[in-house]
Amino acid sequence: MTCGRVRHWRIDVGGQTLVLAARNNRLPECVYWGGALPTGEDLATLARAHMIDVTGGMLDANPDLSICPEAAQGFPGQPGLILRANDGTPIRPQFRFVGDVQAERTLRLTYRDDAHGIRYNASFAADPETRVIAIQATITSDVPVHLHWLAAPVLPAPQLADEMLDVSGRWCGEFQLNATPWSAGIHSRENRTGRTGHEHFPGLILPCRGATNTQGAAFGFHYGWSGGHKMIAEELPDGRRQVQFGNATDTEGAGTTFQTAPLYITYSDTGLNGIAVAFQRHLRDRIVTWPQPDRPRPVHYNCWEAVYFDHDIDTLKDIASRAAALGAERFVLDDGWFGRRDDDTTSLGDWQIDPRKYPDGLTPLIDHVHSEGMTFGIWFEPEMVNPDSDLYRAHPDWALGAPDQTLGRQQMVLDMALPQVRDYLFDQIAAVLSAYPVDYIKWDHNRVLPTPDAAQTRGTYALIDRLRADFPMVEIESCASGGGRIDFGILSRTQRVWLSDSNDALERLRIQHNAALFLPMAITGSHVGPRHCHTSGRVLDIRFRAWVAAQRHMGFEMDPRELTKDEARVLRDVTTWWKTNRDWMCAGDILRLDSADPAVIAEQQIARDGSRFVVFAGKADTSAQISPRPLRLTALEPTAQYRIHLKNRDDAIALSRGTPILKTEDITVSGRYLMDHGLTLPWSFPNMIWVIEGTKL
Ligand code: GLA
């Protein structure tokens, strides 16, 4: 709406309000983002109240920190758009208002720079149930131009905030949180690997001073793109702060239309958990498309760490029978079934079943898997090719990058922008899916691109979309050496992520805990690994391994022939527990608890209606003090009574000699007690986990 020379727009969503205001036909600034404003708030006043003062050493009016800050205005920081004409001349548009379309939950703004023939669109789509707003920017040009950088609509960052939380990682060490202090200048993260990457997960959380997991104000951002992103968090000389997200720079050829991926944003006044719950729900309930929404998430068995490339059909049948007896419901045949794939030097691209290993095709194995009551899934790594493959020998020109490039895991990347490459891959994959009853693909991506390229990501999306259209009942898992391709872009086409190649329960405990800031339980794969972990060398007890896997979408990946009777019993019991509880857990929320003991990583999974919860309190280290500190729970009804049961009380060890009540009895206490005092748990070794069930009475 317009008021004098100020235009303003207001978006209200689930207890938060975002106000945009623009003066003199210029691009709008976000003049308010936070808790819900009263309906009658005078937005024109907010727009005027937002203006900062001018003093010495400044321009006579402050350039707008608009949704696309303009270099042409003399903006003293990173502009929202960096563009060049065909001859290399910088283009610095000054956009002027063309039109707006506002509906109840959506807003679309159109601006244009007549001198350069460039149009800018910003769109906002708010989801009142999940409390997430998806925002996106598009530019179109009358003639082809070169894009260096386009930010999704730019937002201010909070002032009463000392640090930002962003996410780094590595193979087997995904989702490491970094707290970076705000200071003058740019904090920039750019992933130039051409996939979402382990290194820079496209997420940012801006906690206001004093915010913790369970309390305080915070702002969350996630950029839903699988081709590499850039994030900028900048404090300007005048003290204002801005956040920008967009595709990695210089990943497009000359063109006339460029669009960012959606940037998902949310504000919370219930600490980091308010952000986590918004993203978890939005991902599970809005982004992921489930072939059978009512089908319980099946317990997986994946054979990778059991047999690697050594596929012997009798061994696989034996393993499948044992996995089924433990409770598995889906058997996933991993790498090694195609071409002449006896190790990772060969055959990617040759997606024909290896007749040496499977002389009668996959039918005998699949029939056996079905006879054990499991469905069948299979591994592909479609975008890759080994130089030692029939595909590469026939089409060396289909690979991206120079022929003498440095390989990654002995492999190259196919050029997914080429329609003939996508057709070939479609035909190969469709042949397997048509010939066999496959209900699941583990879709891998094990090397980085020679150079990042947005067309590659669009090509992959197109291939997956085409396969899903023809095989709508097949679920897909996004894997990239573990968690190298996790984002809302790939997850709008897939249903599970392989969070990490680390099946080390101790590492997983932390990775899962941090990933829960963005990912719900239902899509996060977690497997019980071998007793002697292949990627860390640690030896961990089956109880710890089983319960950590039971925190997410559960599966097994060890060779079940290694299990002792006791280990098999524990695993069966935990799996049975998981199956009994998975439906409400999958539909519920993961809340990270504020642990008074840094050695304890704890979370509370709570049912949507608050009627029940389970707490997983993992001991990741030895504690500084002797006795466990009480663990405070969260998001309970203060006056309600809760029955508390220590599910695995039998796991208490001999060195726990005292009588904490939960070792022998259930208790009934108020939500207030649980939240303000907390639960006193028995003493335990590191690498153990307490599982506490709560029921509202
Ligand atoms: C990647 C995946 C593993 C496994 C191997 C197979 O590393 O992350 O889980 O599938 O590829 O080569």
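Refer to the structure printed above.
Structure report, in brief. In every chain, residue numbers begin from 1 and rise along the written sequence. Since the coordinates come from a predicted model, pLDDT governs what is reported: local features require at least 70, and pairs of side-chain atoms require 80 or more to be given and counted, while whole-chain, interface and lining totals use all residues. Side-chain descriptors were evaluated using all non-hydrogen atoms of the structure, hydrogens and water having been removed beforehand.

The next subject is the environment of Thr 622. Positionally, Thr 622 belongs in the loop between β33 (612-619) and β34 (641-646). Remark: the alpha-carbon pair of Thr 622 and Val 669, spanning 47 residues in sequence, is separated by 29 Å. Aside from chain neighbours lying at most four places away, what touches Thr 622 is Ala 599 and Pro 686. Secondary structure is summarised from DSSP: a helix means a run of H or I of at least four residues, a strand means a run of E of at least two, and numbering begins at the N terminus for each. Only heavy atoms matter for contacts: two residues are in contact if any of them lie within 4.5 Å across the pair.

Time to look at the packing of helix α10 (residues 542-549) against helix α11 (residues 565-587). Between N-to-C directions, angles span 0 to 180 degrees; the directions come from axes that are lines fitted to C-alpha atoms, helices contributing only their stretch in contact. The interhelical angle for the contact between α10 and α11, taken along N-to-C directions, is 20 degrees, at an axis separation of 9 Å. The angle between the axes of α10 and α11 places the two elements in the roughly parallel class. Here the hand of the crossing between α10 and α11 comes out right-handed. Contacts from Ile 542, Arg 543, Arg 545, Ala 546 and Trp 547 in α10 reach Asp 566, Glu 567, Arg 569, Val 570, Leu 571, Val 574 and Trp 577 in α11. Amino acids outside the nonpolar list (Ala, Val, Leu, Ile, Met, Phe, Trp, Tyr, Cys, Pro) and the charged list (Asp, Glu, Lys, Arg) are all regarded as polar, and Gly is one of them. When the residues that make up the contact of α10 with α11 are grouped by side-chain class, the tally is seven nonpolar, no polar and five charged. Roughly parallel means an angle under 35 degrees; roughly antiparallel means over 145; roughly perpendicular covers 65 to 115; every other angle is labelled oblique. Crossings are sorted by hand: turned counterclockwise from the far helix by less than a right angle, the near helix makes the crossing left-handed, and turned clockwise it makes it right-handed.

Next up on the list: the pairing of strand β20 (residues 263-268). Remark: exposure states derive from per-residue accessible area (1.4 Å probe, protein chains only) relative to the maximum for the residue type, with buried under 20%, exposed over 50%, and partly exposed in between. Counting buried positions along β20 gives six out of six residues, so the element sits mostly inside the fold. The two faces of β20 match: Leu 263, Ile 265 and Tyr 267 on one face and Tyr 264, Thr 266 and Ser 268 on the other face are all buried. By this definition, two strands are paired if DSSP reports at least two bridges between them. Inspection of the sheet shows strand β10 (residues 132-150) paired to β20 by three bridges, in the antiparallel sense. Bridge pairing links Ile 135 to Leu 263 in β20. One ladder, built from six bridges, connects strand β16 (residues 218-223) with β20; its direction is antiparallel. Bridge assignment links Gly 220 to a residue of β20, and that residue is Thr 266.

On to the site of the ligand, then. Consider each residue's heavy atoms; a residue with any of them within 4 Å of a molecule or strand counts as near. Around the ligand, the surrounding shell holds 13 residues, and the nearest of these are Asp 334, Asp 335, Arg 409, Lys 442 and Asp 501. Under this definition, polar contacts are N or O atom pairs within 3.5 Å; protein pairs additionally need one hydrogen-donor-capable and one acceptor-capable atom, and for neighbouring residues in sequence, both atoms have to be side-chain atoms. Here an oxygen atom of the ligand sits 2.7 Å away from a polar atom, N or O, in the side chain of Lys 442. With residues, only the protein chains shown are counted as cover, and all accessible areas are computed by Shrake-Rupley using a 1.4 Å probe. Within the complex, the protein chains bury 96% of what would otherwise be the 310 Å² of accessible surface of the ligand. Tallied by class, the residues present in the shell around the ligand amount to four nonpolar, three polar and six charged.

The element strand β3 (residues 16-23) is extensively covered by neighbouring structure, given that seven of its eight residues are classed as buried. Counted between consecutive antiparallel strands, the loop separating strand β2 (residues 6-13) from β3 contains two residues, among which Gly 14 sits at a positive phi close to 45 degrees. When β3 meets strand β4 (residues 29-35), the two strands line up antiparallel, connected through six bridges. Paired with Ala 21 across the strands is Glu 29, a residue of β4.

A separate point is the sheet that holds strand β14 (residues 185-190). Hydrogen bonds along the backbone pair up the strands of a sheet, which may run parallel or antiparallel. The strand order across the open sheet built from four strands is β11-β18-β17-β14, with neighbouring strands paired in antiparallel fashion. Lying at the two open borders of the sheet, with one neighbouring strand each, are β11 (155-156) and β14. Bridge count between β11 and strand β18 (residues 241-247): two bridges; the pairing is antiparallel. Opposite Pro 156, over in β18, you have Gln 242 as the bridge partner.

Running from amino to carboxyl end, helix α9 (residues 505-515) crosses α10 at an angle of 25 degrees, the nearest separation of the two axes being 9 Å. One element, α9, and the other, α10, form an angle in the roughly parallel class. Here the hand of the crossing between α9 and α10 comes out left-handed. Residues Ala 505, Leu 506, Arg 508, Leu 509 and Gln 512 of α9 form the contact with α10, whose own contacting residues are Phe 544, Arg 545 and Val 548. Of the residues that constitute the contact of α9 with α10, the class distribution is five nonpolar, one polar and two charged.

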